[in-house]
Amino acid sequence: MSWNPSDEIPHDRYSAFVATDAPVEQWCGGARDFLGPYGTPANPKSLIDGALSCREAWCEQLAGCLAIPLTLEAGETANPTVLLGSITTKKEECERLITKVMPAEYRATAWKRLRREKTAMIAKSVVKTPDEQINRLVNVWSKQQIQLCAEFGRDGARGFRDTLQDAWGIFAFNPKLGRAKILETLAHQHKSGQAIRGWMPLQMHNYSDGPTWIAPTVVAYLKETGDFKFLNVKAPYLDGGEGTVLEHMLQSVRHLSDDTGVHGLVLAHDGDWNDSLNWMGRDGKGESVWTSMSLFHSLNLLEDLFLRVLDKPELAQEMADRAKTIEAAIQEHGWDGKWYLAGYSDAGEKVGSHENTEGQTFLNTQTWAVLIGLATGDRKTACLAAIDEILESEHGSLTLTPAYTKRDENVGRVSMLLPGMYENGTPYCHGTAFKIVADCFADRADIALSSYRKVMPDSADHPSAVSGCEPYAFTNQYFGPDNGRAGESITGWITGTAGWMYRAVLEYMAGIQPDYEGFHILPSLPTEWPSVEVERILRGKRYHILIRRDDKGYDVEVNGVKVPGTFVSY
C-alpha cells in the first residue's frame, strides 16, 4: 500500500494498493529499485538479476512489484490474482476492498455485470454507415472514451467546460450519468454566475467561457429525456447558497451579458476555450469574440426554452434582447474583413487579425460563426474560405495560423509554446470537431467526412504506428506542420473531442437531433454514404431509422414507415 497523508493532495482517493492471493517470494515498492538506475520497462534490472530488493519506497516514483513463484508442468495452468486499486489513506478501507474483490466469485459476477453494462451502452444508439471503422468508433470506442472522461475527468482533475461537454456527449447512451455531471459542475459556479476553471483540486482561474456551456448542455439533456422537473432541482453555489438548475442557467448568461468591455464583447479574463490566451484579458479589459459567440448561442437556446416549454414570455424577451445586443457587438467589432477576430487584448490590440504578424487567423470563431448561424451570406462564405484556404492542414484544422514564434504580451502562453504544439498552430482535434459540425450546417458533408478521417485514430493517413495514438481513442492534438514531428500525437484520451466527434456523426451527419416534442431527421450524408441506418432509444422507445439518398434529397423510413417530413413526434 502507498499513501500520501499531506493536506495538499488534490483529492481523497490519492493512495493505492497492489495485492495478490498467490504466495509472494519477493517484492519492492519503488520504480528505481525495480528498473535499476538505467533500466526501462523493456529491460528491468530486477528481471535480469532475478531478484527484488524487498524494500519500501519513500518520496519517490512508486511501483508495486511482486515476485510470485510458479512452476508449471506441460499443459498445466495457474491463475494467480493481482489487484490494483485506489483508496483513501485508511488501511481499513484497503483491507475491506481486498477482502471483497479477491474471491473469484465476486470477480466473475463483476465481469458479467460489466459485459451487460457495455452491451446496453452499445445498444442504446447504433449507427451503421458504409465505413466499418467509423462504425466501431461511434458505436463502441467513442462511447467508452466519453464515459471515462465523464467519470474520471482529465488527468484526474475535473474541468468546468470539460465535464459539461462530456455530459452533453453522453446523453444518448447514459443520461443518468450526464445528469449527475451537470449537478456536479453547477456546484462549482459562483452565485454571480461566474465559473471556475475546475476542481480536484480547485482551479479558481476565471476562464470566460465556462458559464456558456451550461445552457446547451442542460437543453440537450431536456430534449433527450423530457425530464423538465430537472430545471427545479437545486444545486449549491461554490461561494454559498443554492439555486435551481434554471437559476444557474439564468445567472450564467446574465453575468456574461453584463461582463463586457469597451466593444460590448464578453471580457476574456484568464482566457476562453483557448486556455493559452491567458494574457489577452488578465487585466480585466481584454475581450473574447468566441465567448461572445457562445453566449449568443446560449441566449437563443434559452429564449426557445422559455417560449416553447416554460411559457415565460418576459424571460424569453429578455434573452432575445440580450442576444441582439451581443450579436451587434460581434458583427460590428468582431469582424476583421475576411474572418472573425479571436478578441481584443487589454491594450486594445486586435487578436487574430490580418493586422497581426503572427496568429492572424483563429479557427474557433470561424467555425462557431457558421454552426450557430451568426455568419450568413458573404461572411459565411468568407469564414469557410478562411477555414479551407488558411487553416487546413493534412492532419486536421489548425487552431491558428501563422504559429507564434516569439512572446506576445497581447495573448500570453500560446505565444511561448513551440510552434506546432498544443494550441499554437496544431491540428487540435477538439477544434476540428467543431469544424466538422460547421461543415454539416454548411451542407459540406464530403468535407466533414474528410476532416473526420484526418483526426480519427489509426486512419489511413494517421496510422497509430506513426502517430502514437491508441487505435481506439481520439487524441487531444497532433503536432502541427511547423513542428518537426508533424502528425504525431502527444496527449491522448483527455479531450472533449470524443463527445463532439460522436455527436458529429449521430446528430449532424446522420442527422438524428432530439427536440422537446420529437426528433428531427436532418441528414448530411457524404457522397460515399448512399445510406445510413440508426437505431436510437428516445423517451423509452426504440426507433429504427433508415436514410437513403435519392434524386430529391433523402428518403427516410422510421420503423419501416416512410416519413414525409423531417420531424417525428415521440
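Draft legend 1. Here's a closer look at the sheet that holds strand 18 (residues 512–514). Spatial ordering of the open sheet is given by 18-19-24, a layout of three strands whose pairing is antiparallel. In this open sheet, the two strands that pair with only one neighbour each are strand 18 and strand 24 (567–569). Neighbour-to-neighbour, the strand axes of the sheet open up by a mean angle of 25°, direction not taken into account. Of the strand pairs in this sheet, strand 18 and strand 19 (residues 518–521) are connected by three bridges, and their pairing is antiparallel. Bridging across to strand 19, P514 finds its partner in F519.

Draft legend 2. Here's a closer look at the packing of helix 8 (residues 214–225) against helix 10 (residues 289–308). The interhelical angle for the contact between helix 8 and helix 10, taken along N-to-C directions, is 35°, at an axis separation of 9 Å. When you trace helix 8 past helix 10, the crossing you get is left-handed. Residues A215, P216, V219 and L222 of helix 8 form the contact with helix 10, whose own contacting residues are H297, S298, L301, L302 and L305. Tallied by class, residues from the contact of helix 8 with helix 10 come to seven nonpolar, two polar and no charged.

Draft legend 3. Broad picture of the pairing of strand 20 (residues 531–538). Side chains of strand 20 alternate between two faces, with V532, V534, R536 and L538 buried and S531, E533, E535 and I537 left unburied. Sheet topology places strand 5 (residues 125–128) next to strand 20; four bridges connect them, and they run antiparallel. If you follow V127 over to strand 20, its bridge partner there is V534. Bridge analysis of strand 20 against strand 21 (residues 541–550) gives eight bridges, and the strand direction is antiparallel. Paired with R536 across the strands is Y543, a residue of strand 21. Counting the residues between successive antiparallel strands, the hairpin from strand 20 to strand 21 contains two residues, one of them, R539, with a positive phi of roughly 50°.

Draft legend 4. Quick peek at the sheet that holds strand 12 (residues 343–344). Spatial ordering of the open sheet is given by 10-11-12-13, a layout of four strands whose pairing is antiparallel. Two strands bound the open sheet, and with one partner strand each, they are strand 10 (266–267) and strand 13 (350–351). Sheet topology places strand 11 (residues 287–288) next to strand 12; two bridges connect them, and they run antiparallel. Each residue of the ladder has a partner; that of S288, found in strand 12, is G343.

Draft legend 5. Just a nonpolar patch on the surface, in detail. A cluster of nonpolar side chains, namely V24, W27, L66 and V82, defines an oily patch on the protein surface of about 310 Å² accessible area. Locating L66 in the fold gives a position in strand 3 (residues 62–67). The partly exposed category is assigned to L66, whose relative accessible area is 30%.

Draft legend 6. Broad picture of the packing of aromatic side chains. Per the counting criterion, the structure on display carries 21 aromatic pairs. Between the aromatic rings of W141 and Y472, the centroid separation amounts to 5.2 Å while the plane-to-plane angle is 35°, which identifies the pairing as tilted. Remark: Y472 occurs in the loop between helix 16 (464–467) and helix 17 (497–509) and W141 occurs in helix 5 (residues 132–152); sequence separation between them is 331 residues. Look at W141 and you get partly exposed, because its relative accessible area is 37%. On the basis of relative accessible area, Y472 is assigned to the partly exposed category, the value being 31%. For the pair W368 and W500, a centre-to-centre distance of 6.1 Å together with 55° between the ring planes defines the contact as tilted. Note that W368 is positioned in helix 12 (residues 364–371) and W500 in helix 17, a separation of 132 residues in sequence. Of the two residues examined, W368 and W500, each falls in the buried class. Through pairs of rings, three or more aromatic residues link up here, namely W168, W213, W273, W290, W368, Y428, F434 and W500. Across the ring face of Y516, the terminal group of K223 is positioned such that the distance to the ring centre comes to 5.2 Å. Cation over ring: R503 sits above W168, and NZ or CZ is 4.0 Å from the ring centre.

Draft legend 7. How the structure looks around the environment of Q147. Relative to the elements of secondary structure, Q147 occurs in helix 5. Separated by 338 residues in sequence, Q147 and R485 place their C-alpha atoms 30 Å apart. Leaving out residues up to four positions away in the same chain, Q147 has contacts with K118, M121, I170, F173, N174 and L177.

Thresholds, definitions, all that
Residues numbered from 1 in each chain as written. Predicted model: local features only at pLDDT ≥ 70, side-chain atom pairs only at ≥ 80, totals over all residues. Heavy atoms only, no water. Pairing = 2+ DSSP bridges. Helix = DSSP H or I, 4+ residues; strand = E, 2+ residues; numbered from the N terminus. Axes fitted to C-alpha atoms, helices over the stretch in contact; angles between N-to-C directions. Left-handed = near helix turned anticlockwise from the far one by under 90°. Contact = heavy atoms within 4.5 Å. Nonpolar A, V, L, I, M, F, W, Y, C, P; charged D, E, K, R; others polar. Buried < 20%, exposed > 50% of the residue type's maximum accessible area, 1.4 Å probe, protein only. Patch = residues over 30% accessible without salt bridge, like charges linked within 9 Å, V, L, I, M, F, W, Y side chains within 5 Å. Areas by Shrake-Rupley, 256 points an atom, 1.4 Å probe, with all protein chains shown as cover. Salt bridge = Lys/Arg side-chain N within 4 Å of Asp/Glu carboxyl O. Phe/Tyr/Trp six-rings, centres within 6.5 Å; stacked < 30°, edge-to-face > 60°. Lys NZ or Arg CZ within 6 Å of the ring centre and 35° of its normal.

None of the figures reported here should be taken as evidence of function without further support.
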